[in-house]
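Tertiary structure, described
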Amino acid sequence: MNHYGSCLCGGIVYQISGDITDVLNCHCSMCRKLHSSAFRTRGVVLTKDWQTTQGQELLTFYESSSGEHKGFCRICGSQMYTKFDAKPEVLGFPLGTLDNDPQVTSQRHIFVASKAPWHSITDDLPQIDEY
């Protein structure tokens, strides 16, 4: 199954030609700030399966943690994916940038020990204090 997505302004467009795996909701303070939200829902794809089909020149990167590089649209600020020095074969990406139904759901919540105090988790997914 192919998956398609884009940034808010539409300047960056991508296609994923493989499976989306390890879908989770991250409640760490960095993900909350990164997405201005209570949590970030992210999946993992193989780097070889990701293709930026438009707007590669609009991607800019920020090293949020040692060896973790967040890729953003320099026009609208949408976070497109994270690449990892220690695992160059995979990318993490926010499912919120998808334009089609990925037909996957979150499997767990992580970093719930640092979740936003104003947010309540109301589903029955496993909750893990750290990673």
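Everything below is about the structure shown above.
These numbers come from a predicted model, not from an experiment.

With that out of the way, let us pick up the overall build of the protein chain. Looking only at helices and strands, one finds 1 helix and 10 strands in the protein chain. The order of α-helices and β-strands along the protein chain, N terminus first, is β-β-β-α-β-β-β-β-β-β-β. Expressed as a percentage of the 131 residues in the protein chain, the buried residues total 45%. Partitioning the contacts of the protein chain with sequence separation of at least 6, the portion at a separation of at least 24 is 53%. Accessible area of the protein chain: about 7,200 Å², with a carbon and sulfur share of 50%. Between the mean site of the 11 positive side-chain charges and the mean site of the 14 negative ones, the protein chain shows a separation of 5 Å.

Read from one edge to the other, the open sheet built from 7 strands follows the order S6-S7-S8-S9-S4-S3-S10, with strand pairing classed as mixed. The sheet terminates laterally at strand S6 (59–65) and strand S10 (109–110), the two strands that pair on one side only. Looking at chain direction, strand S4 (residues 40–46) and strand S9 (residues 90–94) are connected through 5 bridges and run antiparallel. Following the sheet pairing, Val45 is matched in S9 by Leu91.

All right, on to the sheet that holds strand S5 (residues 50–54) then. By definition, the strands of a sheet pair up through backbone hydrogen bonds, in either a parallel or an antiparallel sense. Taken together, the 3 strands give an open sheet; going across it, the order is S1-S2-S5, and neighbouring strands pair in antiparallel fashion. Edge positions in the open sheet fall to strand S1 (3–6) and S5, since each of these has one partner strand only. Adjacent strand axes in the sheet meet at a mean angle of 25°, parallel and antiparallel pairs treated alike. Taken together, the 4 bridges between S1 and strand S2 (residues 13–16) define a ladder with antiparallel strand orientation. Residue pairing for S2: Gly5 is matched across the bridge by Tyr14.

Okay, the pattern of salt bridges next. Summed over all chains, the structure comprises 4 salt bridges. Note that Arg42 is salt-bridged to Asp22, the shortest N-O span being 3.4 Å. Here Asp22 lies in strand S3 (residues 21–26) and Arg42 lies in strand S4, a separation of 20 residues in the sequence. The residue Lys48 makes a salt bridge to Asp49 at a minimum N-O spacing of 3.2 Å. Look at Asp49 and you get buried, because its relative accessible area is 10%. Through salt bridges with shared partners, a single ionic network connects Asp22, Arg42 and Arg108.

Rules and cut-offs
- Residues numbered from 1 in each chain as written.
- Predicted model: local features only at pLDDT ≥ 70, side-chain atom pairs only at ≥ 80, totals over all residues.
- Heavy atoms only, no water.
- Helix = DSSP H or I, 4+ residues; strand = E, 2+ residues; numbered from the N terminus.
- Buried < 20%, exposed > 50% of the residue type's maximum accessible area, 1.4 Å probe, protein only.
- Contact = heavy atoms within 4.5 Å.
- Areas by Shrake-Rupley, 256 points an atom, 1.4 Å probe, with all protein chains shown as cover.
- Lys, Arg positive; Asp, Glu negative; His and termini not counted.
- Charge placed at Lys NZ, Arg CZ, Asp CG, Glu CD.
- Pairing = 2+ DSSP bridges.
- Axes fitted to C-alpha atoms, helices over the stretch in contact; angles between N-to-C directions.
- Salt bridge = Lys/Arg side-chain N within 4 Å of Asp/Glu carboxyl O.

Function cannot be inferred from these measures alone, as they are strictly geometric.
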